[in-house]
2 protein chains.
Amino acid sequence: MGMSTKPPSGMRDFLPNELAKRRYVISTIQKIYEKYGFVPIETPSIENLSTLMGKYGDEGDQLLFRILHRRDKLARALESETITEKDLGDLGLRYDLTVPLARVVANNTDLPKFFKRYQIQPVWRADRPGKGRFREFLQCDVDITGTKSLVAEAEVCSAVSEVLLTLGFKNFSIHVNHRQLLKALIKAAGISLDNEATTLVAVDKLDKIGMDGVKKELVERGIEEEQMRKLIELIQRPENSDELTELERLKSALAGSEEANLAIDELKKLCKLLDESPVAGRYSIDATLARGLGYYTGPIFEIRSSDFGGSLGGGGRYDGLIGMFKGSEIPAVGFSIGFERLVLILEEKGLFGSISSGPDVMLCHFSDVEEASVIKAATSMRIGGVKVEIFPETPKIGKQISYAESVGAKYVAILGANEVETQSVSLKNLETGEQQTVKYADVASIVLK
Amino acid sequence: MGMSTKPPSGMRDFLPNELAKRRYVISTIQKIYEKYGFVPIETPSIENLSTLMGKYGDEGDQLLFRILHRRDKLARALESETITEKDLGDLGLRYDLTVPLARVVANNTDLPKFFKRYQIQPVWRADRPGKGRFREFLQCDVDITGTKSLVAEAEVCSAVSEVLLTLGFKNFSIHVNHRQLLKALIKAAGISLDNEATTLVAVDKLDKIGMDGVKKELVERGIEEEQMRKLIELIQRPENSDELTELERLKSALAGSEEANLAIDELKKLCKLLDESPVAGRYSIDATLARGLGYYTGPIFEIRSSDFGGSLGGGGRYDGLIGMFKGSEIPAVGFSIGFERLVLILEEKGLFGSISSGPDVMLCHFSDVEEASVIKAATSMRIGGVKVEIFPETPKIGKQISYAESVGAKYVAILGANEVETQSVSLKNLETGEQQTVKYADVASIVLK
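Residues numbered from 1 in each chain as written. Chains lettered and ligands numbered in written order. Predicted model: local features only at pLDDT ≥ 70, side-chain atom pairs only at ≥ 80, totals over all residues. Heavy atoms only, no water.

Draft legend 1. Examining the environment of Gly-54 of chain B more closely. Here Gly-54 of chain B lies in the loop between helix H2 (49-52) and helix H3 (57-62). Along the primary structure Gly-54 of chain B and Gly-294 of chain B are separated by 240 residues, whereas in three dimensions their C-alpha atoms are 9.4 Å apart. (Helix = DSSP H or I, 4+ residues; strand = E, 2+ residues; numbered from the N terminus.)

Below, the structure written as structure tokens:
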């Protein structure tokens, strides 16, 4: 009929087997987040554009999916002489889970003072689709609002690390930096703070375009050659230095900078906390880490894995964002897991094991059995908790059994006229081939044992 | 700062306590759907407009949330002389879960022949918001594709009934009708089949506007007074008649209509199946039931409850919809639960019981305890599976304990310098007041028992 049956570009249908894997990862994340005392919230997929705009940088604003006005509002917009994007809608799809959290915290004054929330929901970005990059994808965030204590940083890093360890990841490291340290480094390189944002954007691309790429990009963005060289020298970590040695190197390089001192002291303290947590031995101080988003104000994090180029997730402290909604400042720190990449790697490494979505029992029946009797048998087995699928038609029994095997059923229960009389089925284990006659009510005790 | 912190009109933030209730309902539905052999799929929130348009009637088309084109495509659209809605986008938000299922079945030729899928995801409609009516709301659908067997009808009705019974609903009834029967009734009333759709729309409003309202609406929609009276007479069920008697009444009223005979025979057979299922005693033949959507072709259903005016969900057979995508016809039948109304009624009737979202243990500590030691204690307790929240700052212990009570923690674990030395906490049960000193590693055995 010419109608496309594919999902839109960059979006996906999840069929039962793939969804079972995604749900396994989600439930693992939920359980661990809850063990760390996080509680769930959900927010609408659609937000006011005024909530979203100006939080993600210009690039982010351009990636927003906007909702078109309807009826009168649209008609009025289309009547005007010059129409711009702004006139055509005031709603957009959620771009991340952090800005909605900030709005929720500002909107609900009766939340706990230290609000530890997790949120697992899709977000939408009109990015160019590619391998592991989608236009609708799941984010899994933990955030703690209401405290400047570094315990909060340690907690979000710990929760995320335990998720990765539980899922079977071994080779990962949480890279740690600090926005105030970065600022001091930029200043120390002689770069004007007017160029701070553009410098961060360039440095943020390090793992994508390499050090030579960053150098080139910095110059293209108007940073002078000499300052560029100085910056690169400052942020590059010497090989074979440990975390404290690296922090000492940065401290002496930035001697005299009050903000650098404060940031380095925070990082030192954070290292001590991480050393007592599941993150111990799995983090590294990395002055080249920039993180793209504009709203970070303190420590920043990113998970890198030798199993996968690029980031598996990241986060940081953003003490100003909630204040943009609330007026008064509420400090916050968060971490977001790159769910889609996680699933991709688990799949590639064969770490999912066997996750089946078939029924316990496929109920097959001969054509001389009344369908009402079939329903009765199924109802009885289900009372015992058995997952029963009824084969809805009556081709030859062999065909029904082949079908049962093809959908991954564990047993077939065959119903003939004799069985109906004794309220029983001929139950066959499809793995072992073992077969026996069992009363409807006793099927559960065999199948679910 | 003047920025609104509310979610957009008709949309909602779900905070932890409310979300816990919603998750309880969702997991109940999932478990029961799976017991009936249904497997889950998920589809993208965004669909091509060509997929959505023309499936829900004109009213439905107008309620679609459309996505605005971006960049070049938008610029080109805005350049043209006369701009219409069509030029501004080709994507829209999912309006229901049935059309996406039809697209998925048409797109995936390797699905099981009898595909029993459930899907629990939000849908979006730009409807006027009201009590229990939202612009983003959850749907919980079961559908069986690939068979015309009435076993499929019985199965979807059974699964939905068991959900309601399990959640504690007692007073509900599944109203059952048949689109071909309705068609025969409309013909028998002397109404031209050109007016079938408009007649169904009017009759569908019966539970909202009452019989007098329907009569008025039918006349307003151009049905002649006499035909209207005849139709009403035909569809109204006499009091105190049982299901088979009602079907016999309709059969004699429509004597000679081949399509009516077929439809009534199907309904008789369906009654026999339902009598052996959890729906037994909980359904009623109702010739006034119309269901708004255009795509139904056979039996149709709707759940009514004396606990709540209006519908708790509905469904029916739609043998033509998948063919609109695939070319060749694939029969299908489905049922959708009105999740939001369910939650509303469960709340109003106090059927949720106590669902808590607090941590097992709030870990409090004196200011002379190093934070690294606090992290160490929490890490140790969590290894045992305990949900631990760390109080992140150090006001007086009494204040920390009050806070623990306010967020619903079950225990507080207090850490002082002495406790750190012996790797233990002073553990207090907040319900009983009982207090004891316990090694970190032993907290799990007490808290989780």
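Draft legend 2. Quick look at helix H5 (residues 98-107) of chain A. Residue and element names in this part refer to chain A. Here H5 lies mainly inside the structure; nine of its 10 residues are buried. Within the span of H5, buried status applies to Thr-98, Val-99, Pro-100, Leu-101, Ala-102, Arg-103, Val-104, Val-105 and Ala-106. In this structure, the buried residues of H5 make contact with strand E2 (46-48), helix H2 (49-52), strand E5 (115-124), strand E6 (136-145) and helix H13 (321-326). (Buried < 20%, exposed > 50% of the residue type's maximum accessible area, 1.4 Å probe, protein only. Contact = heavy atoms within 4.5 Å.)

Draft legend 3. Examining the pattern of salt bridges more closely. In the structure shown here, the tally under the stated rule is 56 salt bridges over all chains. The salt bridge partner of Glu-302 of chain A is Arg-304 of chain A, with a shortest N-O separation of 3.0 Å. Overall, Glu-302 of chain A belongs to the buried group, its relative accessible area being 6%. Linking Glu-243 of chain B and Arg-237 of chain B is a salt bridge whose minimum nitrogen-to-oxygen distance equals 2.9 Å. Relative accessible area serves as the criterion here: at 17%, Glu-243 of chain B is assigned to the buried category. For Arg-237 of chain B, a relative accessible area of 26% translates into the label partly exposed. One network of salt bridges, in which partners are shared, links Arg-12, Arg-22 and Glu-340 of chain A. (Salt bridge = Lys/Arg side-chain N within 4 Å of Asp/Glu carboxyl O.)

Draft legend 4. The packing of helix H7 (residues 179-188) of chain B against helix H12 (residues 258-274) of chain B, seen in detail. All names here are of chain B. In the contact formed by H7 and H12, the axes pass within 8 Å of each other and the chain directions differ by 140°. Handedness of the crossing formed by H7 with H12: left-handed. Across the interface between the two elements, Gln-180, Leu-181, Lys-183, Ala-184 and Lys-187 of H7 pack against Glu-259, Ala-260, Ala-263, Ile-264 and Leu-267 of H12. When its residues are assigned to classes, the contact of H7 with H12 shows six nonpolar, one polar and three charged. (Axes fitted to C-alpha atoms, helices over the stretch in contact; angles between N-to-C directions. Left-handed = near helix turned anticlockwise from the far one by under 90°. Nonpolar A, V, L, I, M, F, W, Y, C, P; charged D, E, K, R; others polar.)

Draft legend 5. Main features of the relation of the copies chain A and chain B. Rotating chain A by 180° and translating it 0.0 Å along the rotation axis places it on chain B, where the RMSD comes to 0.1 Å. Accordingly, the operation relating the two chain copies is best matched by a two-fold axis. Closest approach to the rotation axis among the C-alpha atoms of chain A is made by Ile-67 of chain A, whose C-alpha sits 2.3 Å away. Looking at chain A, 100% of its interface residues are interface residues in chain B too, so the copies touch through the same face. (Least-squares fit on C-alpha atoms with pLDDT ≥ 70 in both.)

Draft legend 6. Region of the structure containing the side chain of Ser-424 of chain A. All names here are of chain A. One can find Ser-424 in strand E15 (residues 424-429). Assessed through its relative accessible area of 5%, Ser-424 is described here as buried. Engagement of the side chain of Ser-424 in a polar contact is seen with the side chain of Thr-422, the distance being 2.6 Å. Aside from chain neighbours lying at most four places away, what touches Ser-424 is Leu-415, Glu-419, Thr-437, Val-438, Lys-439 and Tyr-440. (Polar contact = N/O pair within 3.5 Å; in protein donor to acceptor, adjacent residues only side chain to side chain.)

Draft legend 7. Looking closely at the sheet that holds strand E15 (residues 424-429) of chain B. All names here are of chain B. An order of E13-E12-E14-E15-E16 is seen for the five strands of this open sheet, with the pairing classed as mixed. A single partner strand is all that each edge strand has here, and the edge strands are strand E13 (388-390) and strand E16 (435-439). Each adjacent strand pair in this sheet contributes to an overall mean axis angle of 30°, direction not counted. Sheet analysis places strand E14 (residues 411-415) next to E15, joined by four bridges and oriented antiparallel. Following the sheet pairing, Ala-413 is matched in E15 by Leu-427. Along the sheet, helix H16 (residues 397-406) makes contact with strand E12 (361-365), E13 and E14, crossing E12 at roughly 165°. (Pairing = 2+ DSSP bridges.)

Draft legend 8. Representation of the interface of chain A and chain B. Between chain A and chain B, the contact holds 102 residues from the first and 102 residues from the second. Between Glu-371 of chain A and Lys-269 of chain B there is a salt bridge; the shortest N-O distance is 3.4 Å. On inspection of chain A and its partner chain B, the count reaches 36 residue pairs in polar contact (both at pLDDT 80 or more). Residue composition of the side of chain A that touches chain B, grouped by class: 50 nonpolar, 22 polar and 30 charged.

Draft legend 9. The arrangement of the state of the cysteines in detail. Residues and elements named next belong to chain B. Tallied over the entire structure, the rule returns zero disulfides over all chains. Here Cys-140 is not cross-linked by a disulfide; its sulfur's nearest cysteine counterpart is in Cys-157, at 16 Å. Free of any disulfide, Cys-157 has its nearest neighbouring cysteine sulfur in Cys-271, separated by 10 Å. Using a relative accessible area of 0% as the deciding quantity, one classes Cys-157 as buried. (Disulfide = S-S within 2.5 Å.)

Draft legend 10. View of the packing of aromatic side chains. In this structure the tally under the stated criterion is 20 aromatic pairs over all chains. Both rings, one in Tyr-24 of chain A and one in Phe-352 of chain A, keep their centres 6.2 Å apart while their planes meet at 75°; by these two values the pair is edge-to-face. Taken together, the residues Tyr-24 of chain A in helix H1 (residues 16-35) and Phe-352 of chain A in the loop between helix H14 (339-348) and strand E12 (361-365) connect sequence positions 328 residues apart. Judged by its relative accessible area of 32%, Tyr-24 of chain A is partly exposed. You can call Phe-352 of chain A buried: its relative accessible area is 8%. Centre to centre, the rings of Tyr-56 of chain A and Tyr-95 of chain A are 4.2 Å apart; their planes meet at 35°, and the pair counts as tilted. Taken together, the residues Tyr-56 of chain A in the loop between H2 and helix H3 (57-62) and Tyr-95 of chain A in the loop between strand E4 (91-93) and H5 connect sequence positions 39 residues apart. Above the plane of the ring of Phe-14 of chain A lies Arg-22 of chain A, whose end atom (NZ or CZ) is 3.9 Å from the centre. Sitting above the plane of the Tyr-95 of chain B ring, Arg-125 of chain B keeps its charged end 4.0 Å from the centroid. (Phe/Tyr/Trp six-rings, centres within 6.5 Å; stacked < 30°, edge-to-face > 60°. Lys NZ or Arg CZ within 6 Å of the ring centre and 35° of its normal.)

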